[in-house]
Amino acid sequence: MAAVLGVLIIIAFFVVIGLGTSVRVLREYERGVIFRLGRLIAQKGPGLILLIPLIDRMVKVDLRTVTLNIPPQEVITRDNVPAGVNAVAYFRVIDSRKAIVEVENFLLATSQIAQTALRSVLGKAEFDQLLSERERLNEELQKIIDESTEPWGVKVTAVEIKDVEIPEQMQRAIARQAEAERERRAKIINSEGEYQAAQKLTDAADIISTNPASLQLRYLQTLLEIGSNQNTTVVFPLPMDVLEPFIGSVKPKDERPKPPPPAAPEAPAAPDPDLPPSRSQG
């Protein structure tokens, strides 16, 4: 009786082990690729999966989007600027059977393809494009990597360049270039402002020249603006053209002609040396 009980216990133990290996539960984002005696038979999940012990083998595949950090790559751009660039790629498995059967390790393979594409694409671009045209480069990288991983059942949804590192000497050169560019823009804006101001002053002068009284009103307005400040001394240049109408209207009260100055006496004529000297009579 004891021997039979021992045998039953052993059988129950193996049954429990068999049930444990044959019953699997997959989550909503998981799929199971079933191999029976080494042959692919089906893709199952999610939910409860029953397997034949010692005959079936299941490989789980995660269908969620994977964030792949691409290690920094040493890149030399088309204009011979060395840079270290790292990026991030987002992809997910859309065909579990291909992801298991067509490639040994789709995560490692996708990472290697991303690194190779990153060096290839950025090596064809200039450094200024690497800084200013990241969106276009991201789209090109995403297209190249997605075309390479499509036979593996992997869909690359996005690739983003995260950081660009350049040598310190190149950073100083770029800083000098940016400073020179800003100075050029400042000079252009300043000259345009002076040109517009001169043009407006010319238009104002043309308008004021049609009516001289407007110029006097402008001077009076300027005096009013200066007087609003609490100044003790005001030096204000006043052109004579403004005072000319007032000076012309004022006449002197006494306009008697002044007597001419007296005439100077005539000097005696000099004696002729050819004539004999005259004698005085006694």
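Residues numbered from 1 in each chain as written. Predicted model: local features only at pLDDT ≥ 70, side-chain atom pairs only at ≥ 80, totals over all residues. Heavy atoms only, no water.

This paragraph deals with the overall build of the protein. Secondary structure summary: the protein contains eight helices and eight strands in total. Counting only residues that meet the buried cut, the protein has 22% of its 282 residues in that class. Expressed as a percentage of contacts within the protein between residues at least 6 apart in sequence, the contacts between residues at least 24 apart total 60%. Accessible surface for the protein amounts to roughly 21600 Å². Of this, 58% is attributable to carbon and sulfur atoms. (Helix = DSSP H or I, 4+ residues; strand = E, 2+ residues; numbered from the N terminus. Buried < 20%, exposed > 50% of the residue type's maximum accessible area, 1.4 Å probe, protein only. Contact = heavy atoms within 4.5 Å. Areas by Shrake-Rupley, 256 points an atom, 1.4 Å probe, with all protein chains shown as cover.)

On to the side chain of Asn 86, then. For Asn 86, the location among the structural elements is in strand E7 (residues 82-93). Separated by 3.2 Å, the side chain of Asn 86 and the backbone nitrogen of Asp 163 make a polar contact. (Polar contact = N/O pair within 3.5 Å; in protein donor to acceptor, adjacent residues only side chain to side chain.)

The next point concerns helix H3 (residues 106-123). Look at H3: 26 Å from first C-alpha to last across 18 residues, which is about the 26 Å you get at 1.5 Å a residue. Within H3, the full set of buried residues consists of Phe 106, Ala 109, Thr 110, Ser 111, Ala 114, Gln 115, Ala 117, Leu 118, Val 121 and Leu 122. Tucked into the core, H3 has its buried residues touching strand E6 (66-76), E7, helix H2 (96-101), helix H4 (127-132), helix H5 (134-149) and strand E8 (154-165). (Expected span 1.5 Å × (residues − 1).)

This part is about the sheet that holds strand E3 (residues 39-44). Strand-to-strand pairing in sheets goes through backbone hydrogen bonds, with the strands running parallel or antiparallel. Taken in spatial order, the three strands make up an open sheet running E3-E2-E5, and their pairing is antiparallel. The sheet terminates laterally at E3 and strand E5 (56-62), the two strands that pair on one side only. Between one strand axis and the next, the sheet turns by 25° as a mean value, whatever way the strands run. Summarising the sheet, strand E2 (residues 30-36) and E5 pair through seven bridges and their orientation is antiparallel. Its bridge partner being in E5, Arg 36 is matched across the sheet by Asp 56. (Pairing = 2+ DSSP bridges. Axes fitted to C-alpha atoms, helices over the stretch in contact; angles between N-to-C directions.)

Turning our eyes to something else, we now look at the nonpolar core. Counting 36 residues, the largest nonpolar core has Val 85, Leu 122, Leu 130, Ile 161 and Val 164 as the members making the most contacts within it. Contributions of two or more residues to this core are made by E2, E5, E6, E7, H3, H4, H5 and E8. In terms of residue count, the dominant contributor to this core is H3 (seven residues). Leu 26, Ile 34, Ile 49 and Met 58 belong to the second largest nonpolar core, which has five residues in total. (Core = buried A, V, L, I, M, F, W, Y, C linked by side-chain atoms within 4.5 Å.)

This next bit is on the packing of aromatic side chains. Inspection of the entire model under this criterion finds zero aromatic pairs. The aromatic ring of Tyr 29 is capped on one face by Arg 64, whose charged end is 3.9 Å from the ring centroid. (Phe/Tyr/Trp six-rings, centres within 6.5 Å; stacked < 30°, edge-to-face > 60°. Lys NZ or Arg CZ within 6 Å of the ring centre and 35° of its normal.)

Locating Arg 92 in the fold gives a position in strand E7. Along the chain, Arg 92 and Thr 65 lie 27 residues apart, while their C-alpha atoms are 4.5 Å from each other. Non-local contacts of Arg 92, meaning those with residues more than four positions away in its chain, are made with Leu 63, Arg 64, Thr 65, Gly 153, Val 154 and Lys 155.

For the bond running from Gly 45 to Pro 46, omega is -5°, close enough to zero to count as cis. Along the polypeptide, Pro 46 turns up in the loop between E3 and strand E4 (47-50). One non-glycine residue, Leu 37, adopts positive backbone phi at about 55°. Mapped onto the fold, Leu 37 is located in the loop between E2 and E3. For Asn 80, which is not glycine, the phi dihedral falls at a positive 60°. With respect to the helices and strands, the residue Asn 80 is situated in the loop between E6 and E7.

All right, on to a nonpolar patch on the surface then. Where nonpolar side chains cluster on the molecular surface, the patch consists of Val 4, Val 7, Leu 8, Ile 11 and Val 15 and spans about 430 Å² of accessible area. Tracing the sequence through the fold places Val 4 in helix H1 (residues 2-22). (Patch = residues over 30% accessible without salt bridge, like charges linked within 9 Å, V, L, I, M, F, W, Y side chains within 5 Å. Salt bridge = Lys/Arg side-chain N within 4 Å of Asp/Glu carboxyl O.)

With that settled, the discussion passes to the pairing of E2. Most of E2 is tucked away: six of the seven residues are buried. In the sheet, E2 pairs with E3 via five bridges, with the strands oriented antiparallel. Bridged to Ile 34 within E3 is Ala 42.

Read across the open sheet, the three strands follow the order E6-E7-E8; overall the sheet is antiparallel. The sheet terminates laterally at E6 and E8, the two strands that pair on one side only. Averaged over all pairs of adjacent strands, the angle between strand axes in this sheet comes to 25°, irrespective of strand direction. Pairing of E7 with E8, which is carried by 10 bridges, proceeds in the antiparallel orientation. When the bridges of E8 are listed, Asn 86 appears paired with Asp 163. Against the sheet, H3 makes contact with E6, E7 and E8, and its axis sits at roughly 35° relative to E6, the strand it touches most.

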